[in-house]
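Single-letter residue listing:
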Amino acid sequence: MSTNAIKVESASKRYGKGVVALDKVSFEVGQGELFGLIGPDGAGKTTLIRILATLLLADEGYAEVNGWEVRKDYRKIRRHIGYMPGRFSLYQDLSVEENLHFFATIFGTSIEENYDLIRDIYVQLEPFRKRKAGKLSGGMKQKLALSCALIHKPAVLLLDEPTTGVDAVSRQEFWEMLRKLKEKGIAILVSTPYMDEASLCERVALIQKGHILSIDEPKKIVSAFDKPLFAVRTNDMYRLIQDLRAFESTHSAFPFGENVHLALKNPIWPEAIQAYLAGKGHTDIEIHPAQATIEDAFMELMGQEEEVNQ
Amino acid sequence: MTPAITADKLTKKFGDFTAVNQITFEVKKGEIFGFLGANGAGKTTAMRMLNGLSRPTAGQAEVAGFNVYRQAEKIKRHIGYMSQKFSLYEDLTVRENIRFYGGIYGLPGREIRRQEKELTASLGMEGYSNTLVKAIPLGWKQKLSFSIAIMHRPEIVFLDEPTGGVDPITRRQFWEMIYKAASEGMTVFVTTHYMDEAEYCGRVSIMVDGHIAALDTPRALKEQFGAESMNDVFLQLTRPNQ
């Protein structure tokens, strides 16, 4: 019987009296799966990852990693996971090479033994191997942290916001590395506040205020958005948003880059929208049918959640 | 109408290293201008020159009609600045932050009190005036920092990676505040390395290795590069060989 790489059932965590960090969260990550935890700051992503890394205990619920329960078998879990915390946590005063050597030794292995796994990443760091970790650029720090998390050939990787604060180029390179690691059979749980990274995962959980809004393949989450959607633009963005919100057929209107995404309560002809906006004095009106994005879906789910709570 | 910002061959060298290499551009009054680049491309150095914090090595620039060499102090008084990393004092309350910045900007006490009321009401933060800033949600912090950065009605506000980390609805509320300020004539200069923030700007420039590699509306840039998103445009410019 194959166990899941990660299994969480109804996990809850409170801090102090009022703050609910996690509220009955359940999900599973399969062996070799690349799973994304997508949500804003304060959604509970770090709490969840710290529970799985056995650094924090849930108040209620059950969690296991690679078949081991987080309370009972925390020692085994620690030996078989690679964990990259949100803050850069390597030794700033040690060189690139010394950091890697240190982590290899802690786990009773050597750089040579598992070099295969980190080769692609480490070759990019090699020119700087004598440099102190604290002196590396953001993208390089992130690569070193990933190498250190991989040096003992973990079964499961837990990555807490690895792409926060790094530029678009480093982000893309990082996701390419994750895809290669996935091909080597390592299960990866990666958290991110960037909605656009959802499409790079096989499955994602959208999380907000300690609560999972949806778990599915990114494509299916997007296709579940079933309202008629238009991208609208005119000469005056600010007034456009206000006017669209006051329109009788509007379900929601949110700025999306150069356009406003207008979701309708029910299908109407674009000409009706055009006429309404012209009547409000807008010029250069453009209205096109739009494809929903993961952000449209996220906002719709957030809205539904609030309705349920009211 | 005079532009809000003009830069003409603006250059900054540190020893042999040219951090900003002859950048030339204009930002119109009331425009939302995105200033993009990878880490280390020279964005921060360029912005520091425009803020009157760093003296250029060569070239010219005027901000809000003031010269960056001779009138740096005047520039500082006519701009607002907000950064995602630091803008508010976490150990002060909401009210104390508003009063502190109001005082720094030299606003009269009456005006500060009026704005405090108006600001907390428009942000839906009534009842939180005496709450420490570290205890309020990130989305509120961002909206509050922006409101405080424009308390003195500056002609130009500089935003440094303003919207990272918040949920998509809060993020859009933030952009709506920016659109509102711009529709009232304020110029907004946004530096960021998150390309989806770029999509919200009227025009964007992309810095690569100290120079401006592209400058246009997001739509025109996407057409020019045959790209789906600003992220694709950016990757094509910064990784041309792949």
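Keep in mind the model is a prediction, meaning the values are calculated, not measured.

Within chain B, the secondary structure is distributed over nine helices and 10 strands. A globule of 242 residues ought to have a C-alpha radius of gyration of about 18 Å, and chain B, at 18 Å, matches this closely. The principal-axis extents of the C-alpha atoms in chain B amount to approximately 55 × 40 × 35 Å. Burial statistics for chain B: of 242 residues in total, 42% are counted as buried. Counting contacts in chain B only where the partners sit at least 6 residues apart, residues at least 24 apart contribute 67% of the total.

In this section: the overall build of chain A. In terms of helices and strands, chain A carries 10 helices and 14 strands. In chain A, which comprises 310 residues, the share counted as buried stands at 44%. By sequence separation, contacts in chain A at least 24 residues apart represent 71% of the contacts at least 6 residues apart.

Mean pLDDT over chain A stands at 94; residues scoring 70 or higher make up 99%. Averaged pLDDT values for the elements of chain A fall to 88 in helix α10 (residues 294-309) of chain A and rise to 98 in strand β3 (residues 34-38) of chain A.

With that settled, consider the domain arrangement of chain A. Buried accessible area, meaning the area lost when the parts come together, often serves as the stated size of an interface. Partitioning chain A into structural domains gives domain 1 (6-222) and domain 2 (226-291). Measuring from the centre of the C-alpha atoms in domain 1 of chain A to the corresponding centre in domain 2 of chain A gives 40 Å.

The contact between helix α8 (residues 237-245) of chain A and helix α6 (residues 168-183) of chain B brings their axes to 8 Å, and the two run at 125°. Taken together, the axes of α8(A) and α6(B) are oblique relative to one another. Taking contact as the criterion, the partners of A:Met237, A:Tyr238 and A:Ile241 in α8(A) are, on α6(B), B:Glu176, B:Tyr179, B:Lys180 and B:Ser183. For the contact of α8(A) with α6(B), a count of residues per class yields four nonpolar, one polar and two charged.

Residues and elements named next belong to chain A. Both strand β1 (residues 6-15) and strand β2 (residues 19-29) contribute to a ladder of seven bridges, which runs antiparallel. What sits directly across from Lys13, in β2, is Leu22. The antiparallel pairing of β1 with β2 creates a hairpin that spans three residues between the two strands, and Gly16 there sits at a positive phi of about 65°. Taken together, the five bridges between β1 and strand β4 (residues 60-65) define a ladder with antiparallel strand orientation. What sits directly across from Lys7, in β4, is Glu64.

Moving on, we get to helix α3 (residues 96-106) of chain A. Residue and element names in this part refer to chain A. Within α3, burial applies to Val96, Asn99, Leu100, Phe103 and Ala104. Looking down the long axis of α3, one finds its buried residues gathered within 130° of arc, a one-sided arrangement. In this structure, α3 carries Thr105 and Ile106 as exposed residues pointing more than 90 degrees from its buried face. Tucked inside the fold, the buried residues of α3 contact α4 (115-125) and α5 (138-150). Just past α3, the residue Gly108 takes up positive phi, approximately 65°.

Across the boundary between the two partners, chain A contributes 25 residues, which contact 28 residues of chain B. Going through the elements one at a time, α6 (168-183), α8, β12 (250-256) and α10 of chain A are the ones with two or more residues in the side of chain A that touches chain B. Counting residues per element, the side of chain A that touches chain B draws most heavily on α10(A), which supplies four residues. Looking at side-chain class alone, the side of chain A that touches chain B contains 13 nonpolar, six polar and six charged residues.

Once that is clear, we can look at the nonpolar core. Counting 152 residues, the largest nonpolar core has A:Leu52, A:Leu158, A:Ile188, B:Val157 and B:Val188 as its most contacted members. In this structure, this core is formed jointly by two domains, domain 1 (6-222) and domain 2 (226-291) of chain A, each of which donates at least three residues. Beyond its immediate sequence surroundings of up to four residues, B:Val157 is in contact with B:Ile79, B:Gly80, B:Met82, B:Ala149, B:Ile150, B:Ala181, B:Met186 and B:Val188.

Turning our attention to the environment of A:Val65. Residues and elements named next belong to chain A. With respect to the helices, strands and loops of the structure, Val65 is situated in strand β4. Expressed as a C-alpha distance, the spacing of Val65 and Glu28, which sit 37 residues apart in the sequence, is 9.8 Å. Non-local contacts of Val65, meaning those with residues more than four positions away in its chain, are made with Ile6, Leu52, Val70, Ile77, Ile81 and Val156.

Below, the discussion takes up the pairing of β12(A). When a strand is regular, its side chains alternate between the sheet's two faces. Residue and element names in this part refer to chain A. Examined bridge by bridge, β12 and strand β13 (residues 259-264) share six bridges and lie antiparallel to one another. The residue bridging Phe254 from the neighbouring strand is His261, located in β13. Between β12 and β13, which follow one another and run antiparallel, lie two residues, and Gly257 among them has a positive phi close to 60°.

All names here are of chain A. Residue placement: Asp216 occurs in strand β10 (residues 211-216). We classify Asp216 as partly exposed; it has 15 C-beta atoms within 10 Å. Along the sequence, Asp216 and Leu55 sit 161 residues apart, while their C-alpha atoms lie 27 Å from each other. Excluding anything up to four places from it in sequence, Asp216 contacts Arg203 and Ile221.

Time to look at the confidence of the model for chain B. When pLDDT is averaged across chain B, the result is 92; 98% of the residues are at 70 or more. Predicted complex, confidence summary: ipTM 0.85, pTM 0.89.

Pairing within the open sheet is antiparallel, and its four strands lie in the order β2-β1-β4-β5 (chain A). The sheet is open, and its two borders are formed by β2 and β5 (68-69) of chain A, each paired with just one other strand.

Here the focus is α8(A). Of all the residues in α8(A), the buried ones are A:Met237, A:Leu240, A:Ile241, A:Asp243 and A:Leu244. Here the buried face of α8(A) lies against β11 (229-233), β12, β13 and α9 (270-279) of chain A together with α6 of chain B.

This brings us to the sheet that holds strand β8 (residues 187-192) of chain A. Residues and elements named next belong to chain A. In space, the six strands of this open sheet follow the order β6-β7-β8-β3-β9-β10, with mixed pairing throughout. For this open sheet the edge positions go to β6 (81-84) and β10, each flanked by a neighbour on one side alone. On average, each strand axis in the sheet is inclined to that of its neighbour by 15°, with strand direction left out of account. Sheet topology places strand β7 (residues 156-159) next to β8; four bridges connect them, and they run parallel. Opposite Val156, over in β8, you have Ala187 as the bridge partner. In the packing of helix α1 (residues 45-52) onto the sheet, the strands contacted are β3, β7, β8 and β9 (203-208), and the crossing angle to β8 comes to about 155°. Packing of α5 onto the sheet brings it into contact with β6 and β7, and relative to β6 it is tilted by some 160°.

Thresholds applied
- Residues numbered from 1 in each chain as written.
- Chains lettered and ligands numbered in written order.
- Predicted model: local features only at pLDDT ≥ 70, side-chain atom pairs only at ≥ 80, totals over all residues.
- Helix = DSSP H or I, 4+ residues; strand = E, 2+ residues; numbered from the N terminus.
- Rg over C-alpha atoms; globule rule 2.2 N^0.38 Å.
- Buried ≥ 20, exposed ≤ 12 C-beta atoms within 10 Å, placed from the backbone.
- Contact = placed C-beta atoms within 7 Å.
- pLDDT = per-residue confidence, 0-100.
- Domains from an automatic or database assignment.
- Axes fitted to C-alpha atoms, helices over the stretch in contact; angles between N-to-C directions.
- Parallel < 35°, antiparallel > 145°, perpendicular 65-115°, else oblique.
- Nonpolar A, V, L, I, M, F, W, Y, C, P; charged D, E, K, R; others polar.
- Pairing = 2+ DSSP bridges.
- Arc of directions from axis to C-beta.
- Core = buried A, V, L, I, M, F, W, Y, C linked by C-beta atoms within 7 Å.

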